[in-house]
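Take a look at the letters that make up each chain.
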Amino acid sequence: MTLSLEVSEGVGTLRLDRPPMNALDIATQDRLRELAVEAADRSDVRAVVLYGGQKLFAAGADIKEMQTMDHAAMVARSRGLQDAFTAVARIPKPVVAAVTGYALGGGCELALCADFRIAADNAKLGQPEILLGLIPGAGGTQRLSRLVGPSKAKDLIFTGRIVKADEALSLGLVDRVVPAADVYGQAHAWAAKLAQGPALALRAAKECVDAGLETDIDTGLTIERTWFAGLFATEDRERGMRSFVEEGPGKATFV
């Protein structure tokens, strides 16, 4: 099994395990889509961690497999490639990437699908597809530019250069840098904390931010207003407000 979903404390860990470099071949991409949909649907999964193991996150696509493909084959496959990553990006729950070692090409694109990225101090990230005469094809040109801005994204994509953790942090490509031994623990702790929160409100917040970035501000405000009003129909809203009034902030238990 190259990819698994393990659940603990409300956190589903999507674990890549395809030695030696966690290359994302077609079978792994398809499995990624299946497990992302499963994580989205399962009620016992309240948050998700993307993890490739202690040594590395993912070094990219399976180049040997891609080398055998011609234009027609990639036209047929490219939608499936993007759909696998989009399924991760659209998990309606908090998602954190625990990035160790290399996160290159498709590996970097997978990390970009998360809401938050915790990187090891030895992590190296990049989009080196240009060195193969290609461009990122699993969302890198779109998600990277939205995350770090077009100029910084073009620098990384045009040159194919690999950045170390400290530069990735300064670029906004990752959100936190920690010792390598602590990456998964911190990612799981972050996810577990959010897993205790109000699931529908977290879903609403994620959809409002993500969908709002893709449209004009008036449409974004409509999305926000609709979700905001809708949450007044939830038990979690009742619990949260009652707890605030009776006990003070931050003490509510959500269902």
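Here, every reference points to the structure presented above.
Everything numeric here is computed off the predicted structure, so don't read it as measured data.

**Q** Please explain the overall build of the protein as it appears in this structure.
**A** Of regular secondary structure, the protein possesses 11 helices and 9 strands. Considered along the principal axes of its C-alpha atoms, the protein spans approximately 65 × 40 × 35 Å. Within the protein, buried positions represent 43% of all 255 residues. Total accessible area on the protein is roughly 13100 Å²; 56% of this is exposed by carbon and sulfur atoms. Charge-centre separation for the protein: the mean point of 29 positive side chains lies 1 Å from the mean point of 33 negative side chains.

**Q** For this particular structure, what's the right way to read the packing of helix 1 (residues 26–41) against helix 3 (residues 71–89)?
**A** Between two packed helices, both the angle of their axes relative to each other and the distance between the axes serve to describe the pair. Between helix 1 and helix 3, the shortest axis-to-axis distance is 8 Å and the interhelical angle comes to 40°. Taken together, helix 1 and helix 3 sit at an angle that is classed as oblique. The crossing of helix 1 and helix 3 is left-handed. Across the interface between the two elements, I26, Q29, D30, L32, R33 and A36 from helix 1 touch R77, G80, L81, D83, A84, A87 and V88 from helix 3. Split by residue class, the contact of helix 1 with helix 3 holds 7 nonpolar, 2 polar and 4 charged.

**Q** Just checking my understanding: could you explain the packing of helix 9 (residues 199–213) against helix 10 (residues 217–230) for this structure?
**A** Interhelical geometry of helix 9 versus helix 10 gives an angle of 170° and a closest axis separation of 9 Å. In terms of orientation, helix 9 and helix 10 fall into the roughly antiparallel class. Taking contact as the criterion, the partners of L200, R203, A204, E207, C208, A211 and G212 in helix 9 are, on helix 10, G220, I223, E224 and W227. Its residues assigned to classes, the contact of helix 9 with helix 10 shows 6 nonpolar, 2 polar and 3 charged.

**Q** What exactly am I supposed to notice about a nonpolar patch on the surface here?
**A** A grouping of I63, L132 and L134 is seen on the molecular surface, where their side chains present a nonpolar patch of about 260 Å² in accessible area. Looking at the element boundaries, L132 is found in the loop between strand 7 (124–126) and helix 5 (140–148).

**Q** Can you help me understand the pattern of salt bridges in this one?
**A** As a working rule, side chains carrying opposite charge can pair if their charged atoms are close by. Summed over the entire model, instances satisfying the criterion amount to 13 salt bridges. Residues R18 and D25 are paired through a salt bridge, measuring 3.3 Å at the closest nitrogen-oxygen approach. Its relative accessible area of 21% is what places R18 among the partly exposed residues. Salt-bridge contacts for D155 lead to R161; the nearest nitrogen and oxygen are separated by 2.8 Å. Looking at D155, the relative accessible area reads 28%, which means it is partly exposed. Salt bridges linked by common partners bring R18, D25 and D62 together as one network.

**Q** Can you walk me through the nonpolar core in this structure?
**A** Side chains of nonpolar character tend, in soluble globular proteins, to be buried together. Counting residues in each nonpolar core, the largest one holds 46 residues, and the members touching the most others are L50, F57, V99, L125 and L173. The leading source of residues in this core is helix 3, at 6 residues. Setting aside chain neighbours within four positions, we find L50 in contact with L14, F57, V88, V95, V96, A97, A98, L110 and A114. Among the nonpolar cores identified, the runner-up in size contains 15 residues, and A47, V49, A187 and A192 belong to it.

**Q** What's the story with the state of the cysteines in this structure? I'm lost.
**A** A covalent bond between the sulfur atoms of two cysteines is what we call a disulfide. Enumeration over the complete set of coordinates arrives at 0 disulfides. Looking at C113, it has no disulfide partner, and the nearest cysteine sulfur is the one in C108, 10 Å off.

**Q** Where do I start with the sheet that holds strand 7 in this structure?
**A** Adjacent strands of a sheet pair through backbone hydrogen bonds, lying either parallel or antiparallel. One open sheet accounts for 3 strands, arranged 5-7-8; its pairing is mixed. The strands lining the two open edges of the sheet, one partner per strand, are strand 5 (102–104) and strand 8 (162–164). Pairwise comparison of adjacent strand axes, ignoring direction, gives a mean angle of 20° for this sheet.

**Q** Just to check I follow, could you spell out the pairing of strand 6 (residues 116–120) for this structure?
**A** If a strand is regular, its side chains alternate between the two faces of the sheet. Of all 5 residues that make up strand 6, 5 are buried, and the element is covered over most of its length. On strand 6, burial covers both faces: F116, I118 and A120 on one face and R117 and A119 on the other are all buried. Relative to strand 6, strand 4 (residues 95–99) runs parallel, the two being bridged by 4 bridges. Bridge pairing links V96 to F116 in strand 6.

Rules behind the numbers
- Residues numbered from 1 in each chain as written.
- Predicted model: local features only at pLDDT ≥ 70, side-chain atom pairs only at ≥ 80, totals over all residues.
- Heavy atoms only, no water.
- Helix = DSSP H or I, 4+ residues; strand = E, 2+ residues; numbered from the N terminus.
- Buried < 20%, exposed > 50% of the residue type's maximum accessible area, 1.4 Å probe, protein only.
- Areas by Shrake-Rupley, 256 points an atom, 1.4 Å probe, with all protein chains shown as cover.
- Lys, Arg positive; Asp, Glu negative; His and termini not counted.
- Charge placed at Lys NZ, Arg CZ, Asp CG, Glu CD.
- Axes fitted to C-alpha atoms, helices over the stretch in contact; angles between N-to-C directions.
- Parallel < 35°, antiparallel > 145°, perpendicular 65-115°, else oblique.
- Left-handed = near helix turned anticlockwise from the far one by under 90°.
- Contact = heavy atoms within 4.5 Å.
- Nonpolar A, V, L, I, M, F, W, Y, C, P; charged D, E, K, R; others polar.
- Patch = residues over 30% accessible without salt bridge, like charges linked within 9 Å, V, L, I, M, F, W, Y side chains within 5 Å.
- Salt bridge = Lys/Arg side-chain N within 4 Å of Asp/Glu carboxyl O.
- Core = buried A, V, L, I, M, F, W, Y, C linked by side-chain atoms within 4.5 Å.
- Disulfide = S-S within 2.5 Å.
- Pairing = 2+ DSSP bridges.

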